[in-house]
Amino acid sequence: MLIPVEVGQAVPFDIKRVYTVFDTKPGVRRGFHAHHRLQQVAIAVAGSCRMVLDDGKARTTVILDRPDLALTLPPMVWHEMEDFSDNCVLLVLADDVYDENDYIRDYDAFLELSRARA
Ligand code: TYD
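Numbering of residues starts from 1 in each chain and follows the order in which that chain's sequence is written. With the structure being a predicted model, the display of local features is reserved for residues of pLDDT at least 70 and the display and counting of side-chain atom pairs for 80 or more, all residues being used for whole-chain, interface and lining totals.

Taking an unreviewed UniProt entry as the reference, the chain is identified by name as dTDP-6-deoxy-3,4-keto-hexulose isomerase belonging to Sphingomonas astaxanthinifaciens DSM 22298.

**Focus: the UniProt feature "domain: Sugar 3,4-ketoisomerase QdtA cupin" (unreviewed entry) in the chain**
Within the UniProt annotation, "domain: Sugar 3,4-ketoisomerase QdtA cupin" (unreviewed entry) is assigned to residues 2-113. Numbering of helices and strands starts at the N terminus; helices are DSSP runs of H or I of at least 4 residues and strands are runs of E of at least 2. Between the first and last C-alpha atoms of residues 2-113 the distance is 41 Å; the span itself is 6% helix and 42% strand. UniProt positions are given in the numbering used here, feature names are shortened, and annotations may be inferred rather than shown by experiment.

**Some words on unusual backbone geometry**
Of note, Phe32 is a non-glycine position whose phi angle comes to about 60°, a positive value. Inspection of the secondary structure assignment puts Phe32 in strand 2 (residues 30-35). Residues with at least 20 neighbouring C-beta atoms inside 10 Å of their own are called buried, those with 12 or fewer are called exposed, and the rest are partly exposed, where every C-beta is derived from the backbone. On the basis of neighbour count, Phe32 is assigned to the partly exposed category, with 14 C-beta atoms found within 10 Å. A positive phi is found at Met76, a non-glycine position, where the angle reads about 60°. Inspection of the secondary structure assignment puts Met76 in the loop between strand 6 (71-73) and strand 7 (78-82). Here Met76 falls in the partly exposed class, since 17 other C-beta atoms lie within 10 Å of it.

**Re the pairing of strand 7**
DSSP calls a pair of strands paired once it identifies at least 2 bridges connecting them. Sheet topology places strand 2 next to strand 7; 3 bridges connect them, and they run antiparallel. Bridging across to strand 7, Arg30 finds its partner in Met81. Strand direction decides the pairing type here: strand 4 (residues 49-54) and strand 7, joined by 5 bridges, are antiparallel. The partner of Leu53 across the bridge, within strand 7, is His79.

**Things to note about the sheet that holds strand 9 (residues 103-104)**
Taken in spatial order, the 5 strands of this open sheet run 5-4-7-2-9, and their pairing is antiparallel. Strands at the two margins of the open sheet, each flanked by one partner only, are strand 5 (59-64) and strand 9. Taken together, the 2 bridges between strand 2 and strand 9 define a ladder with antiparallel strand orientation. Bridge pairing in strand 9 links Ala34 to Ile104.

**What to know about the site of the ligand**
Close contacts around the ligand come from Arg17, Tyr19, Val21, Arg30, Gly31, His33 and Tyr98, and that covers them all. Among the secondary structure elements, those contributing two or more residues to the shell around the ligand are strand 1 (17-22) and strand 2. Looking at the shell around the ligand residue by residue, the class counts come to 3 nonpolar, 2 polar and 2 charged. The criterion for a residue being near a molecule or strand is simple: its C-beta atom, placed using the backbone, must lie within 6 Å of it. Amino acids outside the nonpolar list (Ala, Val, Leu, Ile, Met, Phe, Trp, Tyr, Cys, Pro) and the charged list (Asp, Glu, Lys, Arg) are all regarded as polar, and Gly is one of them.

**A short note on the nonpolar core**
Remark: nonpolar core denotes a set of buried Ala, Val, Leu, Ile, Met, Phe, Trp, Tyr and Cys residues whose joining runs through C-beta atoms within 7 Å. Core analysis: the largest hydrophobic core is formed by 15 residues, its most contacted members being Ala42, Ala44 and Cys49. Counting only elements with at least two residues in this core, the list comes to strand 3 (40-46), strand 4 and strand 8 (89-94). It is strand 3 that contributes the most residues to this core, 4 residues altogether. Discounting chain neighbours no more than four positions away, the residues touching Cys49 are Ala44, Leu64, Met81, Glu82, Asp83, Phe84, Ser85, Cys88 and Leu90. Residues are treated as contacting if the C-beta atoms built from their backbones sit within 7 Å of each other.

Set out below in structure tokens:
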């Protein structure tokens, strides 16, 4: 298999950072934050995981279980990741470098901000 990931196609921004999440222990859930400005694209290049997305109004769940499926994670979307398969390798492409100040890690604060910006 060969799967291209191109800026302008699956990735709607210029990539400044790439990171991977793997070797996730059974039962571990990750994320539990939103970003003020960061845009990301997540691809399970191996295995699978479940992504819970919350825009402050509604929650949706997306199963990432195919390497040709790219999920866009816009700013101001609370996300949680769970049900990682043993072999899951989650590739994440981001439009900016790591900045802790861009994180919203408190759900109530996220809801308040989300409502204020609506
Ligand atoms: P975090 O984004 O909170 O991961 P998750 O939501 O998957 O639990 O990051 C976990 C830790 O790793 C946190 O201390 C910040 C650090 N980190 C970096 O240093 N650089 C990065 O690019 C990322 C994504 C995280």
